[in-house]
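Survey of secondary and tertiary structure
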Amino acid sequence: MNISSACRPNMRITPGPQTTAEFDAFAREIDQVRVDFKASLDESDSRYIKGVLYLIRGLESAGRALLTLAALGWPIGLLGAVLLGLSKCIDNMEFGHNVMHGQYSWLNDPRFEGITCDWDTVCSQQNWKESHNHMHHYYTNVEGIDRDFGYGFLRLSSDTPWEPRHAVQSLYMVIVAFLFEWAIGIHNMAFDQLRNDREATKVNIARLWPAARAKMWRQTKKDYLLWPLLGGIASLALGHGFWAGLGASLLGHFIANVIRNLWTFVTIFCGHFTDQIHTFDPADLKAETKGQYYLRQCLGSANISGGKVFNFMTGHLSHQIEHHLFPDLPSHRYAQFAPRVREICARYGVPYNTGSLARQFPTVLWRVLRHSFPGGESPMSRPATAVEAPAHVPS
């Protein structure tokens, strides 16, 4: 539900730049970071992403091989599940998500083309790029437009009217965490909108369903049919019985997917739903300048502090602020340019929302729990010069 600025005369003003001149200066400085960032790209970025691809393939091969032999003993099956789970985490976070943003398309290598890249999850690349690359990144945290804010089932703000179904949203969230790839896979089809605009939603579902169905079947067939059958055959050949091998491999593949689902859930929720994020009124987009666009990206995102391994396993989305400013530039460089972004934000009074996982995740849980009940807080704000600013479409 959209709450317009006109209906909210006491809506708070965003921190940061307050005049047109300040917004323009803020935009120029962020633009300069982009220019320097892009100019720094070289052969090392090519070596990096190739190394990531080889690591994914190695972990996946080792994991699936061990799961094929899982009937020989639970330690083998558990190790196989962990290795395959790690492969899926890296494939989804550091490879698929980033490559599909076009971060490595400049290499002119078919393996790293944003247009053709696919990933090991039930969400089709076509549907993902539409709902994420376009809708979420362009309309970040715009109330009623960016459906990633709450994913259509979570009430995270008092700006969303409370309904009885929200009382059990904490339980929904737990279920979604374990089945996150499936939640993301169907998210773009907006089934929740059937209540509000049934005919238009049915048309949208019909348009997106073929690609979604094909990808869901492909992943189900691979993880829960073909590889478990191979495990059963291998177990039979080794004298441990067909069903024992099939069951052990099936369980291992399920555990691997749960590992990936839980990790991606925690990373993504900590990057978008902490206690310091802002939301925005769609009316303000009509006159949004580049500086205001950059401010919205900063205020609508949250970082998670951590070391190199932690950053790698999050796909460097531990630098969510930098990702929203530079989504098409290689994420493994975010840590290099983050200090400049943070320093610019400090000079212009823009909050730089960051903290450890132990700090950020509890605030997400509290936001979900608090807004399970009527009332709550509104994170909505508007840029100081929104009314006077000229129209702008960010490049």
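The structure this text deals with has already been given above.
A brief report on the enclosed structure follows. (Residues numbered from 1 in each chain as written. Predicted model: local features only at pLDDT ≥ 70, side-chain atom pairs only at ≥ 80, totals over all residues. Heavy atoms only, no water.)

1. Some points on the overall build of the protein
When helices and strands are tallied, the protein shows 13 helices and three strands. For 395 residues, the compact-globule estimate of 2.2 N^0.38 gives 21 Å, and the C-alpha radius of gyration of the protein, at 22 Å, lies within 12% of that figure. Along the three orthogonal principal directions, the C-alpha set of the protein runs to about 75 × 55 × 40 Å. Looking at the 395 residues of the protein, the share that counts as buried comes to 53%. Considering only contacts within the protein whose residues lie at least 6 apart along the sequence, 75% involve residues at least 24 apart. When the 37 positive and 35 negative side-chain charges of the protein are each reduced to one mean point, those points stand 4 Å apart. (Helix = DSSP H or I, 4+ residues; strand = E, 2+ residues; numbered from the N terminus. Rg over C-alpha atoms; globule rule 2.2 N^0.38 Å. Buried < 20%, exposed > 50% of the residue type's maximum accessible area, 1.4 Å probe, protein only. Contact = heavy atoms within 4.5 Å. Lys, Arg positive; Asp, Glu negative; His and termini not counted. Charge placed at Lys NZ, Arg CZ, Asp CG, Glu CD.)

2. Structural notes on helix α13 (residues 357-370)
The α-helix winds at 3.6 residues per turn, so residues separated by three or four positions along the chain end up facing the same way. For α13, spanning 14 residues, the distance from its first C-alpha to its last is 20 Å, which sits close to the expected 20 Å at 1.5 Å a residue. Looking only at α13, the buried set comprises Q360, F361, T363, V364, R367 and V368. Each buried residue of α13 lies within a common arc of 155° when the element is viewed along its axis, so the set occupies one face. Exposed side chains of α13 directed beyond 90 degrees from the buried face belong to A358 and W366. Close packing links the buried residues of α13 with α5 (169-178) and α8 (242-272). (Expected span 1.5 Å × (residues − 1). Arc of directions from axis to C-beta.)

3. Some words on the sheet that holds strand β1 (residues 12-13)
Read from one edge to the other, the open sheet built from three strands follows the order β1-β3-β2, with strand pairing classed as parallel. The open sheet has two edge strands, β1 and β2 (279-280), and neither has a second partner. As defined by bridge partners, β2 adjoins strand β3 (residues 380-382) across two bridges and the pair is classed as parallel. Within β3, the position partnered with F280 by the bridge is S381. (Pairing = 2+ DSSP bridges.)

4. What to know about the packing of α5 against α8
Two quantities define a packed helix pair, namely the angle between the axes and the distance from one axis to the other. The contact between α5 and α8 brings their axes to 7 Å, and the two run at 125°. One finds that α5 runs oblique with respect to α8. The residues of α8 that touch α5, namely those facing M173, A177 and F178, are V258, N261, L262, F265 and F269. For the contact of α5 with α8, the per-class residue count stands at seven nonpolar, one polar and no charged. (Axes fitted to C-alpha atoms, helices over the stretch in contact; angles between N-to-C directions. Parallel < 35°, antiparallel > 145°, perpendicular 65-115°, else oblique. Nonpolar A, V, L, I, M, F, W, Y, C, P; charged D, E, K, R; others polar.)

5. What to know about the packing of aromatic side chains
Considering all chains together, one arrives at 21 aromatic pairs under this definition. Summarising the aromatic geometry, the rings of Y138 and Y293 are spaced 6.3 Å apart at their centres and angled 40° between planes, so their arrangement reads as tilted. Taken together, the residues span a long stretch of sequence, with Y138 in helix α4 (residues 125-138) and Y293 in helix α9 (residues 290-299) at a distance of 155 residues. We classify Y293 as buried; its relative accessible area is 10%. The structure contains a cluster of three or more aromatic residues connected by ring pairs, namely F149, Y151, F180, F265, F269, F273 and F361. (Phe/Tyr/Trp six-rings, centres within 6.5 Å; stacked < 30°, edge-to-face > 60°.)

Geometry only, nothing functional implied.
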